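Examination of the molecular architecture
Chain residues, written in single-letter form:
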Amino acid sequence: MLLKWLGVEPVASSSWFLVLLPFGLAVAWWAWADGTGYTQRKAMQRMDEKKAARREKAMEALGQLDPNKKKGKR
């Protein structure tokens, strides 16, 4: 947008629609991700992965888990 406003080529010769299109797409993505719960699901998934890794590390530290034998997801 700044390049268009300052008149830097080849952006200056492009239409404003093409220059502003990425901003509109970002707003649409944000609205869809929040509306469908995608953002919250991804945050919960990351939290669950951290919790599982923390639990596994604690079990190894206590000597209750064989470090050579890794279990898959339950």
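Residues numbered from 1 in each chain as written. Predicted model: local features only at pLDDT ≥ 70, side-chain atom pairs only at ≥ 80, totals over all residues. Heavy atoms only, no water.

Tallying each qualifying case throughout the model produces three aromatic pairs. Centroid distance W29 to W32: 5.1 Å. Interplanar angle 35°. Geometry classified as tilted. With W29 and W32 both in helix 2 (residues 16-36) and three residues apart, the pair spans about one turn of that helix. Since its relative accessible area comes to 48%, W29 is described here as partly exposed. Aromatic side chains W32 and Y38 sit 5.6 Å apart centroid to centroid with 40° between the ring planes, which places their arrangement in the tilted category. (Phe/Tyr/Trp six-rings, centres within 6.5 Å; stacked < 30°, edge-to-face > 60°. Helix = DSSP H or I, 4+ residues; strand = E, 2+ residues; numbered from the N terminus. Buried < 20%, exposed > 50% of the residue type's maximum accessible area, 1.4 Å probe, protein only.)

Helix 3 (residues 38-62) packs onto helix 2 with a crossing angle of 65° between their chain directions and a minimal axis gap of 4 Å. Taken together, the axis directions place helix 2 and helix 3 in an arrangement best described as roughly perpendicular. Where helix 2 approaches helix 3, its residues W29, W32, A33, D34 and T36 are matched on the opposing element by Y38, T39 and R41. Tallied by class, the residues present in the contact of helix 2 with helix 3 amount to four nonpolar, two polar and two charged. (Axes fitted to C-alpha atoms, helices over the stretch in contact; angles between N-to-C directions. Parallel < 35°, antiparallel > 145°, perpendicular 65-115°, else oblique. Contact = heavy atoms within 4.5 Å. Nonpolar A, V, L, I, M, F, W, Y, C, P; charged D, E, K, R; others polar.)

Turning to unusual backbone geometry, a few remarks are in order. Geometrically, the link from E9 to P10 is a cis peptide bond, its omega value of 0° lying close to zero. By secondary structure assignment, the location of P10 is in the loop between helix 1 (2-6) and helix 2.

Honestly, that's just the spatial picture; any functional story needs more than this.
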